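Observations on the three-dimensional arrangement
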Amino acid sequence: MEEMPRKHLKMFFDLLDGENTFLFASDWPHFDYDEPSVVADLPFLSDPGRRKIMGENALGVFRFTEKTVNLEVGA
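Conventions adopted
- Residues numbered from 1 in each chain as written.
- Predicted model: local features only at pLDDT ≥ 70, side-chain atom pairs only at ≥ 80, totals over all residues.
- Heavy atoms only, no water.
- Helix = DSSP H or I, 4+ residues; strand = E, 2+ residues; numbered from the N terminus.
- Buried < 20%, exposed > 50% of the residue type's maximum accessible area, 1.4 Å probe, protein only.
- Contact = heavy atoms within 4.5 Å.
- Areas by Shrake-Rupley, 256 points an atom, 1.4 Å probe, with all protein chains shown as cover.
- Phe/Tyr/Trp six-rings, centres within 6.5 Å; stacked < 30°, edge-to-face > 60°.

The number of helices and strands found in the protein chain is 4 helices and 0 strands. Helices and strands appear in the protein chain in the N-to-C order α-α-α-α. Going through the 75 residues of the protein chain one by one, you find that 16% of them count as buried. A separation threshold of at least 6 residues defines the contact pool for the protein chain, and within that pool the share at least 24 residues apart is 58%. Here the protein chain displays about 6,100 Å² of accessible surface, and carbon together with sulfur accounts for 58% of that area.

See below:
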């Protein structure tokens, strides 16, 4: 995410319903990629909001269901 004051970032999240619409993308392998901790460390996000941004929102965009995707680590 581009560097900006947290209060402005929160305003963007609130304005665009970020917990329900944003998807995480690291932009790796570019030198300025974002670690997943960038989302995990945002103090204004709820735990369900973090889960949505880190994967659940993408499941909805691509119309996957729990039956078509195994979300278990190492599976």
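Once that is clear, we can look at the packing of aromatic side chains. Summed over all chains, the structure comprises 2 aromatic pairs. Where phenylalanine 13 meets phenylalanine 22, the ring centres are 4.8 Å apart and the plane angle is 75°; that geometry is what we call edge-to-face. Taking relative accessible area as the criterion, phenylalanine 13 reaches 7% and is therefore assigned buried. Taken together, a centroid distance of 5.2 Å and an interplanar angle of 70° make the contact between phenylalanine 13 and phenylalanine 44 edge-to-face. You can see phenylalanine 13 sitting in helix H1 (residues 6–15) and its partner phenylalanine 44 sitting in the loop between helix H3 (37–40) and helix H4 (47–61), a full 31 residues away along the chain. Assessed through its relative accessible area of 22%, phenylalanine 44 is described here as partly exposed. Grouped by ring-pair contacts, the aromatic residues Phe13, Phe22 and Phe44 constitute a single cluster.

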